[in-house]
Amino acid sequence: MRKRLLSVPISELKTVRLVCTNNGCEGVIEMPLANLKPSDERIRAGFAQLECPICGTDFRTGGAPPTDMLSTLTRVISELQKVTKSQVEFAIPDEDE
């Protein structure tokens, strides 16, 4: 078995997939990364929930938007994508059988 590394530059991150791990549910949501951090307007209107489509588990952790961890992740990735002096890449092992 050979191991390869897939290199994914942060600039290529556009879509996020959230997988529910509540009691083995495995419900999935995919959305543009920017949608994880709801606008102030959506927060005021009560549309900032991010729940599993199957069991209803709340995916937001660490407070309400825009201070929750998913909103923070979106903000940090967005800022890192603007950096021109260096580039962040994620090295992902890809096992070839």
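Below or above, wherever it landed, is the structure these notes cover.

The rules behind these values
Residues numbered from 1 in each chain as written. Predicted model: local features only at pLDDT ≥ 70, side-chain atom pairs only at ≥ 80, totals over all residues. Heavy atoms only, no water. Helix = DSSP H or I, 4+ residues; strand = E, 2+ residues; numbered from the N terminus. Buried < 20%, exposed > 50% of the residue type's maximum accessible area, 1.4 Å probe, protein only. Contact = heavy atoms within 4.5 Å. Areas by Shrake-Rupley, 256 points an atom, 1.4 Å probe, with all protein chains shown as cover. Salt bridge = Lys/Arg side-chain N within 4 Å of Asp/Glu carboxyl O. Expected span 1.5 Å × (residues − 1). Polar contact = N/O pair within 3.5 Å; in protein donor to acceptor, adjacent residues only side chain to side chain.

Tallying secondary structure elements over the protein chain gives two helices and four strands in all. Tracing the protein chain from N to C terminus, the helices and strands come up as β-β-β-α-α-β. Here the protein chain holds 97 residues, and 23% of them are scored as buried. The contacts in the protein chain between residues at least 6 apart in sequence include a share of 55% that link residues at least 24 apart. Roughly 7,100 Å² of accessible area belongs to the protein chain as shown, and the carbon and sulfur atoms make up 52% of that amount.

Glancing now at the pattern of salt bridges. Evaluated as defined, the whole model comprises four salt bridges. Its salt-bridge partner being R4, residue D94 comes within 2.6 Å of it at the nearest N-O pair. Here the residue D94 occupies a position in strand 4 (residues 89-96), and R4 occupies one in strand 1 (residues 2-9), the gap between them amounting to 90 residues. With a relative accessible area of 22%, D94 lands in the partly exposed category. Judged by its relative accessible area of 42%, R4 is partly exposed.

Moving on, we come to helix 2 (residues 69-81). Its 13 residues give helix 2 an end-to-end C-alpha distance of 18 Å, which sits within 8% of 18 Å, the value for a rise of 1.5 Å per residue. For helix 2, the N-terminal capping position is held by D68, with its side-chain oxygen 3.3 Å away from the main-chain nitrogen of L70.

Looking now at the environment of S11. Residue placement: S11 occurs in the loop between strand 1 and strand 2 (15-19). Residue classification places S11 among the partly exposed positions, given a relative accessible area of 34%. It is 8.5 Å that separates the C-alpha atoms of S11 and I77, two residues lying 66 residues apart in sequence. Excluding anything up to four places from it in sequence, S11 contacts Q81 and Q87.

A cis amide bond, omega 10°, links P65 with the succeeding residue P66. For P66, the location among the structural elements is in the loop between helix 1 (40-44) and helix 2. A positive phi angle, near 50°, is found at N23, a position not held by glycine. By the element assignment, N23 lies in the loop between strand 2 and strand 3 (28-32). In the Ramachandran plot, E26 falls in the positive-phi region, its phi being about 65° despite a non-glycine side chain. Relative to the helices and strands, E26 is located in the loop between strand 2 and strand 3.

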